[in-house]
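Residues per chain are reported as follows:
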Amino acid sequence: MNDEFYMKRALELAALAAAQGEVPVGAVVVKQSTGEIVGEGYNRRETDKTPLAHAEIIAINEASRRLGGWRLVDCALYVTLEPCPMCAGAVINSRVERLVYGASDPKAGSCGSVTDLFSYPYNHIPPIERGILAEECASVLTEFFRQLRERKNALKNISQITDR
Ligand SMILES: [Zn+2]
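So, how was this worked out
Residues numbered from 1 in each chain as written. Predicted model: local features only at pLDDT ≥ 70, side-chain atom pairs only at ≥ 80, totals over all residues. Heavy atoms only, no water. Donors = N, O, S within 2.8 Å, 3.2 Å for Na, K, Ca; no water. Helix = DSSP H or I, 4+ residues; strand = E, 2+ residues; numbered from the N terminus. Buried < 20%, exposed > 50% of the residue type's maximum accessible area, 1.4 Å probe, protein only. Axes fitted to C-alpha atoms, helices over the stretch in contact; angles between N-to-C directions. Parallel < 35°, antiparallel > 145°, perpendicular 65-115°, else oblique. Left-handed = near helix turned anticlockwise from the far one by under 90°. Contact = heavy atoms within 4.5 Å. Nonpolar A, V, L, I, M, F, W, Y, C, P; charged D, E, K, R; others polar. 1 Å grid on protein atoms, 1.4 Å probe; cavity = no way out; pocket = protein on both sides within 12 Å on 5 of 7 lines; lining within 4 Å. Points joined across faces, edges and corners; volume = space filled by probe spheres on them. Phe/Tyr/Trp six-rings, centres within 6.5 Å; stacked < 30°, edge-to-face > 60°.

Quick word on the coordination of the zinc ion
Around a metal, the idealised angle for a tetrahedral arrangement of four donor atoms is 109.5 degrees; for an octahedral arrangement of six donor atoms it is 90 or 180 degrees. Around the zinc ion, the protein contributes the donor atoms His54 (ND1), Cys84 (SG) and Cys87 (SG), at 2.0 to 2.3 Å from the metal centre. For the zinc ion, the donor residues sit on a single chain with the sequence spacing H-x29-C-x2-C. Here histidine 54, found in the loop between α2 (45-48) and α3 (55-67), pairs with cysteine 87, found in helix α4 (residues 85-94); they are 33 residues apart in sequence, far enough to count as distant. On the accessibility criterion, histidine 54 (17% relative accessible area) is buried.

As structure tokens, this is what we get:
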């Protein structure tokens, strides 16, 4: 398994999210024995109008449908950002056999940053690989928020002009 190869695909998915005005996080599920990508997802919270539409959840759902069962045996999950508690929970519930993530998330990361769900005695604890292409994964987020701030400032300036 080439971790960087699959993380690059997750980064492409994150870019798709950004293009739709969504916070750029991307995820892929890979069948480890064949190397085949069986699930893909990117953050769609705004588009789908649900807090549950995280990249990991969408990728896990697609993989489960494709593989015909909820147990993602022989599967690894790649995600650009450290999973939140919901998605770390989905990793436990789907029995994903390996978790690989890029950037850490000091605000919601639940694989070591805010908390480490995998340090508790749940019934499924996969090995975790942290920091794969971490800089690229973090920079798509910082760039997205920088552009968002610029747009907001531009709008503020326009409204100040029209207020005169
Ligand atoms: Zn999440």
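Comments concerning the packing of α3 against α4
At a closest axis distance of 9 Å, the pairing of α3 and α4 adopts a crossing angle of 20 degrees. The pairing of α3 with α4 is recorded here as roughly parallel in orientation. Crossing hand, α3 versus α4: left-handed. Residue-level contacts link Glu56, Ile57 and Ile60 of α3 to Met86, Cys87, Ala90, Val91 and Ser94 of α4. For the contact of α3 with α4, the class distribution of residues is six nonpolar, one polar and one charged.

A short note on the layout of surface pockets
Size it by volume and the largest pocket reaches roughly 530 Å³. As for the largest pocket, its lining consists of 21 residues, and the residues nearest its centre are Val23, Leu81, Asp105, Leu141 and Phe145. The leading source of residues in the lining of the largest pocket is helix α5 (residues 134-163), at four residues. Residues belonging to the lining of the largest pocket are distributed by class as follows: twelve nonpolar, four polar and five charged.

Let's talk about the packing of aromatic side chains
Counted according to the given criterion, the structure contains three aromatic pairs. Taking 5.0 Å as the distance between ring centres and 85 degrees as the angle between the ring planes, the aromatic pair formed by phenylalanine 5 and tyrosine 6 counts as edge-to-face. Taking 5.3 Å as the distance between ring centres and 80 degrees as the angle between the ring planes, the aromatic pair formed by phenylalanine 144 and phenylalanine 145 counts as edge-to-face. One aromatic cluster in this structure is built from Phe5, Tyr6 and Tyr78.

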